[in-house]
Amino acid sequence: MQKLARNTRRPDVQAALIGVGALALLGGTAILARRKARLAPQRKVQLAAQTMGASIVADSAMQHLRGGFHNPAMYAAPALATLSTAGTLARTQAGRPLHVAAIATGAAGLSFHAYNIVKRPGGVSWNNLFYAAPIGAPGGLAVTGALALAQRATTRGHGRLLAGFVALATLAETAEVALLHYRGAWHNPAMFTPVTLPPVAAALLLDQALWPRPAVRRLTRGALRLMAAMGVVGTGFHIYGVSRNMGGWGNWRQTAFAGPPVPAPSSFCALALAGDAALDLIEDAP
């Protein structure tokens, strides 16, 4: 007989401890890792754009499929995310219009999602913020386009600008996560991690953007590597969260859409990678 998901109001402390342990192990390894052949910052930004783009492609396609694509404009997000992500492979000026279009579409999507909330009965309310179109999600598409454009960053000034942008994007992502985890009633104590660790990394990045001091840079790199590890562990938590819904992964046609979005935590990996590239530029570029 297929094992059905548990349904309990008790905090899932055991899973939280396993997750925190995995974060400590993975994050500690990442912090201590030393590589003789370090990736170029442009390559790191390219990987960050591709990771963010892949996350947006999967997440927007699933969420808009759940919405039945009732508005033709809903095809734009997964389509532009796919094209912009593919455009990063070439790293040429030819993909620039696609990346600019992704930024514009992401900005327009923010207005669409805000309108979706306002037009519902009750207007701006907790219920509509929880269950209408996720208000901050289209911003991920704009971030994908911006990171794709940042592949050509070469100077220390570019690095400071990129650090500031990644810090603000991290804070925006944290706000979205806080809203959705609040909707989830923080039933797992590990749900507090993505609303506490990323703001620390963002504050350190902002410090580097404004006052690039070498003494703080090493600490900033450590925080970013922990944030990247958190993205990996968070994906595992979301996979586990889907399995806890009725029917688990055996009923994936429903549970994958109703459970926590599996692709979402990887966006923190992308932001951490872009932040690390910004530090490289600040440290080494002319």
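Residues numbered from 1 in each chain as written. Predicted model: local features only at pLDDT ≥ 70, side-chain atom pairs only at ≥ 80, totals over all residues. Heavy atoms only, no water.

**A closer look at the UniProt feature "transmembrane region" (unreviewed entry) in the protein**
- As recorded in UniProt, the feature "transmembrane region" (unreviewed entry) lies at residues 13-33, 98-117, 129-149, 161-180, 192-211 and 223-242.
- In residues 129-149, helix accounts for 67% and strand for 0%; the two terminal C-alpha atoms are 31 Å from one another.
- End-to-end, the C-alpha atoms of residues 223-242 are 28 Å apart, and along that stretch the chain is 100% helix and 0% strand. (UniProt positions renumbered as here; feature names shortened; annotations may be inferred. Helix = DSSP H or I, 4+ residues; strand = E, 2+ residues; numbered from the N terminus.)

**Remarks on the packing of helix α7 (residues 156-183) against helix α11 (residues 266-284)**
- It is the contact of α7 with α11, at a shortest axis distance of 8 Å, that shows an interaxial angle of 160 degrees. Comparing the axis directions of α7 and α11 gives the class roughly antiparallel. Seen along the crossing, α7 lies across α11 with a hand that is left-handed. For the pair α7 and α11, contact is made by R156, G159, R160, L162, A163, V166, A169, T170, E173, T174 and V177 and by S267, F268, L271, A274, G275, A278, L281 and I282, respectively.
- Tallied by class, residues from the contact of α7 with α11 come to eleven nonpolar, five polar and three charged. (Axes fitted to C-alpha atoms, helices over the stretch in contact; angles between N-to-C directions. Parallel < 35°, antiparallel > 145°, perpendicular 65-115°, else oblique. Left-handed = near helix turned anticlockwise from the far one by under 90°. Contact = heavy atoms within 4.5 Å. Nonpolar A, V, L, I, M, F, W, Y, C, P; charged D, E, K, R; others polar.)

**Focus: a nonpolar patch on the surface**
- On the surface, a nonpolar cluster with roughly 300 Å² of combined accessible area is contributed by I239, W249 and W252.
- In this fold, I239 is placed in helix α9 (residues 214-243). (Patch = residues over 30% accessible without salt bridge, like charges linked within 9 Å, V, L, I, M, F, W, Y side chains within 5 Å. Areas by Shrake-Rupley, 256 points an atom, 1.4 Å probe, with all protein chains shown as cover. Salt bridge = Lys/Arg side-chain N within 4 Å of Asp/Glu carboxyl O.)

**Looking at the nonpolar core**
- If you look at the biggest cluster of nonpolar residues, it comprises 41 residues, and the most contacted ones within it are L141, L147, L162, L205, L224, M227 and L271.
- With nine residues, the top contributor of residues to this core is α11.
- Judged by nonpolar contacts, the second largest core, of five residues, contains I117, L129, A132 and L179. (Core = buried A, V, L, I, M, F, W, Y, C linked by side-chain atoms within 4.5 Å. Buried < 20%, exposed > 50% of the residue type's maximum accessible area, 1.4 Å probe, protein only.)

**A word on the pattern of salt bridges**
- Tallying each qualifying case throughout the model produces seven salt bridges.
- Put simply, E283 and R221 hold a salt bridge, and the shortest N to O gap is 3.7 Å. Taken together, the positions of E283 in helix α11 and R221 in helix α9 put the pair 62 residues apart, joining distant regions of the chain.
- Overall, E283 belongs to the partly exposed group, its relative accessible area being 39%.
- Judged by its relative accessible area of 13%, R221 falls in the buried class.
- Bridged by salt links that share partners, the residues K44, R217, R221, D276, D280 and E283 form one connected network.

**Thoughts on helix α3 (residues 76-87)**
- With twelve residues, α3 extends 16 Å between its outermost C-alpha atoms, agreeing within 8% with the 16 Å of an ideal straight helix rising 1.5 Å per residue.
- Three or more residues of α3 are buried, namely A77, P78, L80, A81, S84, T85 and G87.
- On its buried face, α3 is in contact with α2 (41-66), α4 (96-118) and α6 (139-149). (Expected span 1.5 Å × (residues − 1).)

**Details of the environment of V100**
- Here V100 shows up in helix α4.
- V100 sits in the partly exposed class, given a relative accessible area of 42%.
- Along the sequence, V100 and A146 sit 46 residues apart, while their C-alpha atoms lie 7.7 Å from each other.

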